[in-house]
Amino acid sequence: MTQQHGGNISQHQDILDFSASINPLGITESVKNAILENISDVGSYPDPYCTELREKLAEHEGVSAENIVCGNGADDLIFRIVHAIKPRKALVCAPTFSEYGRALAEVGCEICEHFLNEKDGFKVTESFLDSLDNTLDICFICTPNNPTGQLIPRDILEAIVRKCSENSTILVCDECFLGFVEGAEKYSLVNFTNENCMILKAFTKLYAMAGLRLGYAVCGSSQIAEAVQNSGQFWSVSALAQKAGIAALDESGYVRRTRTHIAGERRFLAAELRSLGVKVYDSAANFLLFKSDAGLAEKMLAEGVLIRDCSNFSGLTDGFYRIAIRTHEENTQLIAALGRCING
């Protein structure tokens, strides 16, 4: 029972879902109201260029609106970037989010994997720089990485940017989980970005808007942004998603509360997991990667709890699992169920 992605709960009833790493604070009232107040917009085609949303994002990110492209979630943008660039050779980490490889495979790109070392806690280290050479057209990185939760250190991130620039390699940095990190700004690629860089972000996880499908790319070059905009479907973002995104960007207090909650509950969960005797890897994200016995996901499902079996991630094997950080009550339920499954 290996899932391709988390959050596949449609075939389950009364399930406690720890497989999808969505903000446990839930969708905000302002976002709900934006959807309800603009419900009549579903009768018309949405703005294909997301003009109002991009202007709001430009203010939020401190860049020109010309450098921003919105999409039907970050996944949509991954595929649009790849189809716009049509790279011949790419570099990705392993383990990491599988959609980079799927998108690259669609255009017949040669995919090189840099395997992260379990002994290093699956951190991106200086050895990654040795895999960056002038034969690469594009490189995908993720910080904090999915499913490991590891941030890329600032000095290594800067060195990656520099080497990609020297080699004329497009660098795509997925920061969809960075909003959950305390002090997130100092770990962002925005500190070192140049015309070869793109940053992926999404409303999916941080603002609990998975069902609305909304993401965006901040491009170092307006020319690349235009190419990505012209790739893929014309009306990629619904009218309601655009209005919801505009409302969500004003929720700075919500983001602060989220970061505080995630940090505290992550410490709680990590400590409880270690008390059960499982190997827990350090994480800065709103999820934890841990190692236990094979078959644990099936046992947990029998307990009414869905966790992410990570054995289908390149670079991981049977016995690796990812769990989301949810409310304290739900996290306590998870630990109780894990205790029954692991210790009988």
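> Looking at this model, I keep getting lost on the overall build of the chain. Mind explaining?
Counting its secondary structure elements, the chain contains eleven helices and 13 strands. Here the C-alpha coordinates of the chain stretch approximately 60 × 50 × 35 Å along the principal axes. Considering the chain as a whole, with its 344 residues, one finds that 55% of them fall into the buried category. For the chain, the proportion of contacts with a sequence separation of at least 24, taken over those separated by at least 6, is 73%. If you sum the accessible surface of the chain, you get close to 14,500 Å²; carbon and sulfur atoms cover 46% of it. Here the chain carries 31 positive and 44 negative side-chain charges, and the mean point of each set is 3 Å from the other.

> Explanation requested: the packing of helix α9 (residues 252-275) against helix α11 (residues 328-343) in the structure shown.
Two packed helices can be described by the angle between their axes and the distance between those axes. Between α9 and α11, the shortest axis-to-axis distance is 11 Å and the interhelical angle comes to 15 degrees. Classified by the angle between their axes, α9 and α11 sit roughly parallel to one another. At the point where α9 passes α11, the crossing takes the right-handed sense. Of the residues in α11, those touching α9 at His261, Glu265, Phe268, Leu269, Glu272 and Leu273 are His328, Asn331, Thr332, Leu334, Ile335 and Leu338.

> Could you clarify how one ought to interpret the sheet that holds strand β10 (residues 287-291) in this entry?
Within a sheet, neighbouring strands are paired by backbone hydrogen bonds and run either parallel or antiparallel to one another. Read from one edge to the other, the open sheet built from four strands follows the order β9-β10-β13-β12, with strand pairing classed as antiparallel. Because the sheet does not close on itself, it has two edges, and the strands there are β9 (279-280) and β12 (308-309). Of the pairings in the sheet, the one linking β10 to strand β13 (residues 320-324) comprises five bridges and is antiparallel in character. Residue pairing in the sheet places Phe287 in a bridge with Ala324 of β13. Relative to the sheet, α9 contacts β9, β10 and β13, its axis offset from that of β10 by approximately 10 degrees.

> Even after reading the chapter, I still don't get the nonpolar core, so can you show me in this structure?
Nonpolar side chains in soluble globular proteins generally cluster together in the buried interior. In this structure, Ile160, Phe290 and Ile307 are the most contacted members of the largest nonpolar core, which totals 86 residues. Counting residues in each nonpolar core, the second largest holds 25 residues, with Ile78, Ile170, Leu200 and Ala217 among its members.

> When you look at the sheet that holds strand β5 (residues 138-142) in this model, what are you seeing that I'm missing?
Ordered by their spatial adjacency, seven strands build an open sheet running β2-β8-β7-β6-β5-β3-β4, and the pairing between neighbours is mixed. Two strands lie at the open edges of the sheet, namely β2 (68-71) and β4 (110-115), each paired on one side alone. The sheet shows a mean angle of 20 degrees between the axes of neighbouring strands, direction not considered. When strand β7 (residues 197-202) meets strand β8 (residues 215-219), the two strands line up antiparallel, connected through five bridges. Within β8, the position partnered with Lys201 by the bridge is Tyr216. Contacting β2, β7 and β8, helix α2 (residues 51-61) crosses the sheet at an angle of about 125 degrees to β2. Running over the sheet, helix α4 (residues 99-106) touches β3 (89-94), β4, β5 and β6 (170-174) and is turned about 160 degrees from β5.

> For this particular structure, what's the right way to read unusual backbone geometry?
For residues that are not glycine, phi is negative in most cases, and the peptide bond is trans in most cases. Each neighbour pair has its own omega, and for Ala94 with Pro95 the value is 5 degrees, a cis peptide bond. Among the secondary structure elements, Pro95 is positioned in the loop between β3 and α4. The omega torsion of the bond from Asn146 to Pro147 falls at 25 degrees, within 30 degrees of zero and hence cis. In this structure, Pro147 sits in the loop between β5 and α6 (154-166). Located in the positive-phi region is Cys50, a residue other than glycine, with phi close to 50 degrees. As for its placement among the helices and strands, Cys50 is situated in the loop between α1 (29-37) and α2. Residues other than glycine seldom take positive phi values, yet Phe122 does so here, at roughly 65 degrees. Topologically, Phe122 is positioned in the loop between β4 and α5 (127-130).

> Just to check I follow, could you spell out the environment of Ile262 for this structure?
Tracing the backbone through its elements, the reader meets Ile262 in helix α9. Counting along the chain gives 124 residues from Ile262 to Ile138, while the straight-line C-alpha distance between them is 32 Å. Leave out the neighbours within four places in its chain, and Ile262 touches Pro24, Phe180, Ala285, Asn286 and Ile325.

Calculation notes
- Residues numbered from 1 in each chain as written.
- Predicted model: local features only at pLDDT ≥ 70, side-chain atom pairs only at ≥ 80, totals over all residues.
- Heavy atoms only, no water.
- Helix = DSSP H or I, 4+ residues; strand = E, 2+ residues; numbered from the N terminus.
- Buried < 20%, exposed > 50% of the residue type's maximum accessible area, 1.4 Å probe, protein only.
- Contact = heavy atoms within 4.5 Å.
- Areas by Shrake-Rupley, 256 points an atom, 1.4 Å probe, with all protein chains shown as cover.
- Lys, Arg positive; Asp, Glu negative; His and termini not counted.
- Charge placed at Lys NZ, Arg CZ, Asp CG, Glu CD.
- Axes fitted to C-alpha atoms, helices over the stretch in contact; angles between N-to-C directions.
- Parallel < 35°, antiparallel > 145°, perpendicular 65-115°, else oblique.
- Left-handed = near helix turned anticlockwise from the far one by under 90°.
- Pairing = 2+ DSSP bridges.
- Core = buried A, V, L, I, M, F, W, Y, C linked by side-chain atoms within 4.5 Å.

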